[in-house]
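Understanding the architecture of this molecule
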Amino acid sequence: MDINALLLHGSFVLYGLSVLLYVANARLHWPRLHRLALGTVLVAFGCQSLCLGLRWVAAGYLPVTNLFSTLFFFSWSLAATYVYFELRYRLASAGLFVMLLNLLLLYIALPRDSTIPALIPMLDTPLFTLHVVFSFLGYALFAMAFSLAVLYLIQRKTSGLLLPSSSMLKQLNEEAIFLGFCFFTLSMLFGSYWAYVAWGYYFSWNIKALWSALIWLYFAGMCHAKFIRRWQGTGYAWLSIFGFALVLFTYLGIGLLMSSSHPLA
Amino acid sequence: MLRQLWNFCCSAKATIILTSATTLVAIFGSAQIMHNPQLFSTMDSKPLLEWWYGYLPQANIYSLWIPLCSALIVLLCLNTLCCFVDWICHLGSRWRKMGEYLIHLGFILVVIAYAWGSIYGMRSSNNSIAEGEIIAIPSQRGYFLRLNSFAPQFAPSGRPVDMLSNVTLLKGDQELKTTTVCFNHPLTHGGLAVLPGSYTQQAVGFSCSVNQQQVELKQGSTHILPSGARVNVLEFHPDIQYIGRDRGKNGAANMPLRNPAFLLELSGPTKERKTIWYVVKQGVPQQLLAAGFTPQRLTPLYKNYSQLTINRDPGAPLAAAGGIAMALGVLLSLRSFYVKRFRNSYTYLP
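Quick caveat: nothing in here was measured; it's all calculated off a predicted structure.

Some remarks on the overall build of chain A
A tally of helices and strands in chain A yields eight helices and zero strands. Start at the N end of chain A and walk to the C end: the helices and strands fall as α-α-α-α-α-α-α-α. Principal-axis analysis of the C-alpha atoms gives chain A an extent of 55 × 50 × 30 Å. Residues classed as buried in chain A amount to 62% of the 265 residues present. Carbon and sulfur atoms make up 70% of the accessible area of chain A, which amounts to about 10,500 Å² in all.

Structure below.
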């Protein structure tokens, strides 16, 4: 087994372990378990980052050109987003949800071919790298917002003691949406510029580009909705959940189920 | 009353209504794109308005999403413009929101630019051009494009991976810009973009052995025979059935080699001239054989043609300005967000 496969499977096992630790923490309410779970996530994230770095060096470009590598990069972005929120706000059991999602992404990625394909000249541009990086960071933040929204709804229903307060979850959800929108905007800008230099037009009517524009509009609307009283709280949480469904459909639904000139991200 | 109307035009509620409506209409539209790929797959081949005019005869009620979506985007743009104007009017107290409003401005500019390009733009693909040739740029009176050199790049499998075309943009006789276009490196000038598309090969004649001498029979070539007679190649046609129709778009050729034929001029030592058709599959005509013209081991000669895409989008510079405004807006918004967060820093410890 080469070093990349070792790091990849190692990070999968460690993320799995962190999920078990978060579950144990949810039942036992033991602060040490939370710290252990966070430590496990950090080690797993380190392994995953090292694996990504080694693949990047080996390929000579950021390897995000097939489904395995985009799933892997999505998982890495989600872990990075989670680490940011966890270190900044100490989300505790809220991590369970995100780590489960992350584990699912890696589980789908692992059986797929991890060979790095040769880069075709069309993708040989920094605009491609910037477009993909910001796109997945945006997706990861929308996934984070989804997790926080679900937790917010759970908190409102059950008043779970182990969860952060509902006002905290609401604020973090808004932050995730705002940051996701910012990154996704940058992704759209770099993607549009790349489309212009590659095809001669900056907006294509292919299904993927249309849905990306649609996601951008949707989250632009959400950035306004937080200022409207009736959409704050529960309404905003449901909007975040629906928004993530749109993101998932755009990323996986269109990529896997439909033919598009833009099938990877 | 007017004040209330203005407040509604500037309101976040109007934005939410419009973004929601646009999202729903676009979802419906994407379903139409999926179910009618033969119709909607051509949308990128022309500017939106030109495509819509061409599409109108086949349009049905399900295609109304395009004008409806466009109308909603225009309304959203107006709503954004009202917000932006309102912000400008209160700049003194709201300057900290500059990032967010730069995003608004960028969106307005991009929508105007796209509308401009959709109405007055031009898209033309598969413009075939051979080395040394000059073609007129479609819908751009007085502008020409010259292909100085062309080198297709191939993968080890033989698949073409890139097309390097060194081109010069001309306005009349004046050279405006020379560059090598390849994937991700177009020639741009104003709103004009010249991009590599594909490449094609065209048979231009045959290489053969005539009287144990290797010669190239192609338009313009001349061959002196041992008898003193001279053979001039006046024309070459890859398929004699399609004489006059073998010149494709913009003077480029794209005719397969089916029934090739030469129009030759035979001039004898006495300066008498005869034009003779030499259809390769039918063999050499008797008059040419008598003059000693006996071509053998014919191998086709091919010429590479670069197929370029030429688009003109007069809104592109404005869209670029909008994009820059948006990117700046995002960076400023992020900065002001974190400044606010650091001022009211909080952490949750379970």
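Observations regarding the nonpolar core
One finds A:Tyr15, A:Leu91, A:Phe219, B:Phe40 and B:Trp65 to be the most contacted residues of the largest nonpolar core, which totals 143 residues. Per-element tally for this core: the top contributor is helix 5 (residues 126-158) of chain A, with 20 residues. With residues near it in sequence (within four places) discarded, B:Trp65 still touches A:Trp205, A:Leu210, B:Val25, B:Phe28, B:Gly29, B:Gln32, B:Ile33 and B:Phe40. Counting 19 residues, the second largest nonpolar core, distinct from the first, contains B:Val210, B:Val215, B:Phe262 and B:Leu266.

A word on the packing of helix 2 (residues 12-35) of chain B against helix 5 (residues 65-89) of chain B
All names here are of chain B. It is at 9 Å that the axes of helix 2 and helix 5 come closest, and there the two elements cross at 155°. As judged from the angle between their axes, helix 2 and helix 5 are roughly antiparallel. In the packing of helix 2 onto helix 5, the handedness of the crossing is left-handed. Facing helix 2, whose interface residues are Ala14, Thr15, Leu18, Thr19, Ala21, Thr22, Val25, Ala26, Phe28, Gly29, Gln32 and Ile33, helix 5 presents Trp65, Leu68, Cys69, Leu72, Ile73, Leu75, Leu76 and Asn79. Looking at the contact of helix 2 with helix 5 residue by residue, the class counts come to 14 nonpolar, six polar and no charged.

Structural notes on the interface of chain B and chain A
Contacts between the two partners involve 56 residues from chain B and, on the opposite side, 51 residues from chain A. Around 4,700 Å² of area is buried between chain B and chain A when both sides are counted, 72% of it from carbon and sulfur atoms. At the junction of chain B with chain A, the criterion picks out zero salt bridges. Taken together, the elements giving at least two residues each to the side of chain B that touches chain A come down to helix 2, helix 5, helix 7 (98-120), strand 4 (160-171), strand 7 (192-210) and helix 9 (316-343) of chain B. Class assignment of the residues belonging to the side of chain B that touches chain A gives a composition of 34 nonpolar, 14 polar and eight charged.

Observations concerning helix 7 (residues 207-225) of chain A
Its 19 residues place the ends of helix 7 of chain A 26 Å apart at the C-alpha level, agreeing with the 27 Å of an ideal helix rising 1.5 Å per residue. Burial runs high along helix 7 of chain A: 19 of the 19 residues are buried.

Observations regarding the sheet that holds strand 9 (residues 222-224) of chain B
Either a parallel or an antiparallel arrangement is found when strands of a sheet pair, and the pairing is made through backbone hydrogen bonds. All names here are of chain B. Read across the sheet, four strands follow the order 9-10-11-12 without closing on themselves; strand pairing throughout is antiparallel. A strand with exactly one partner marks an edge of an open sheet, and here the two such strands are strand 9 and strand 12 (273-279). Across the sheet, the mean angle separating the axes of adjacent strands is 25° when strand polarity is ignored. Strand direction decides the pairing type here: strand 11 (residues 261-267) and strand 12, joined by seven bridges, are antiparallel. Among the inter-strand pairings, alanine 261 is bridged to a residue of strand 12, identified as valine 279.

Considering the sheet that holds strand 2 (residues 134-136) of chain B
Residue and element names in this part refer to chain B. Taken in spatial order, the four strands make up an open sheet running 2-3-4-5, and their pairing is antiparallel. Every interior strand has two partners, whereas the edge strands, strand 2 and strand 5 (174-181), have only one. In this sheet, adjacent strand axes meet at a mean angle of 25° when their direction is disregarded. Where strand 2 lies against strand 3 (residues 143-154), three bridges are found, and the strand directions are antiparallel. Paired with isoleucine 134 across the bridge in strand 3 is arginine 146.

Topic: unusual backbone geometry
Residue and element names in this part refer to chain B. Even without a glycine there, the phi angle at asparagine 126 is positive, about 55°. The residue asparagine 126 is located in strand 1 (residues 122-130) in this model. Note on asparagine 126: relative accessible area 42%, which makes it partly exposed. Phi at asparagine 184 takes a positive value of approximately 70°, unusual for a residue other than glycine.

Description of the pairing of strand 13 (residues 295-312) of chain B
All names here are of chain B. Pairing geometry for strand 1 and strand 13, over seven bridges, is antiparallel. Across the sheet, residue methionine 122 finds its bridge partner in strand 13, namely arginine 312. Two strands pair when backbone bridges link them, and strand 7 and strand 13 are joined in this way by 16 bridges, in the antiparallel orientation. Bridging from a neighbouring strand, valine 194 pairs with isoleucine 310 of strand 13.

Let's talk about the pattern of salt bridges
Residue and element names in this part refer to chain B. Tallied over the full model, the rule gives six salt bridges over all chains. Across the pair glutamate 216 and lysine 218 runs a salt bridge whose closest N-O atoms are separated by 3.4 Å. On the accessibility criterion, lysine 218 (34% relative accessible area) is partly exposed. Note that arginine 258 is salt-bridged to aspartate 239, the shortest N-O span being 4.0 Å. Here arginine 258, found in the loop between strand 10 (230-237) and strand 11, pairs with aspartate 239, found in the loop between strand 10 and strand 11; they are 19 residues apart in sequence, far enough to count as distant.

Quick word on the packing of aromatic side chains
Residues and elements named next belong to chain A. A complete count under the given rule lists 47 aromatic pairs over all chains for this structure. Judged by centre distance (5.4 Å) and plane angle (90°), the rings of phenylalanine 136 and tyrosine 251 are edge-to-face. Here tyrosine 251 lies in helix 8 (residues 234-257) and phenylalanine 136 lies in helix 5, a separation of 115 residues in the sequence. Among the residues examined, phenylalanine 136 registers a relative accessible area of 0% and is labelled buried. When its relative accessible area of 1% is taken as the criterion, tyrosine 251 is described as buried. The structure contains a cluster of three or more aromatic residues connected by ring pairs, namely Phe45, Phe73, Phe74, Trp76, Phe136, Tyr139, Phe142, Phe184, Tyr218, Phe219, Phe242 and Tyr251.

A short note on the confidence of the model for chain B
Residues and elements named next belong to chain B. When pLDDT is averaged along chain B, the result is 86; 94% of the residues meet or exceed 70. Mean pLDDT across the secondary structure elements of chain B bottoms out at helix 3 (residues 37-40), with 80, and peaks at helix 7, with 95. Counting interchain partners and residues more than four positions distant, the pLDDT-below-50 stretch residues 346-350 has 18 contacts. On the interface metric, ipTM, the complex scores 0.88, and its pTM is 0.86.

Considerations on the environment of B:Trp6
Residue and element names in this part refer to chain B. Locating tryptophan 6 in the fold gives a position in helix 1 (residues 2-10). In the structure, tryptophan 6 is positioned 177 residues away from phenylalanine 183 in sequence and 48 Å away in space, judged by C-alpha atoms. Once residues within four sequence positions are removed from consideration, tryptophan 6 is found in contact with Cys82, Val85 and Asp86.

Rules behind the numbers
Residues numbered from 1 in each chain as written. Chains lettered and ligands numbered in written order. Predicted model: local features only at pLDDT ≥ 70, side-chain atom pairs only at ≥ 80, totals over all residues. Heavy atoms only, no water. Helix = DSSP H or I, 4+ residues; strand = E, 2+ residues; numbered from the N terminus. Buried < 20%, exposed > 50% of the residue type's maximum accessible area, 1.4 Å probe, protein only. Areas by Shrake-Rupley, 256 points an atom, 1.4 Å probe, with all protein chains shown as cover. Core = buried A, V, L, I, M, F, W, Y, C linked by side-chain atoms within 4.5 Å. Contact = heavy atoms within 4.5 Å. Axes fitted to C-alpha atoms, helices over the stretch in contact; angles between N-to-C directions. Parallel < 35°, antiparallel > 145°, perpendicular 65-115°, else oblique. Left-handed = near helix turned anticlockwise from the far one by under 90°. Nonpolar A, V, L, I, M, F, W, Y, C, P; charged D, E, K, R; others polar. Buried area = accessible area lost by both parts, 1.4 Å probe. Salt bridge = Lys/Arg side-chain N within 4 Å of Asp/Glu carboxyl O. Expected span 1.5 Å × (residues − 1). Pairing = 2+ DSSP bridges. Phe/Tyr/Trp six-rings, centres within 6.5 Å; stacked < 30°, edge-to-face > 60°. pLDDT = per-residue confidence, 0-100.

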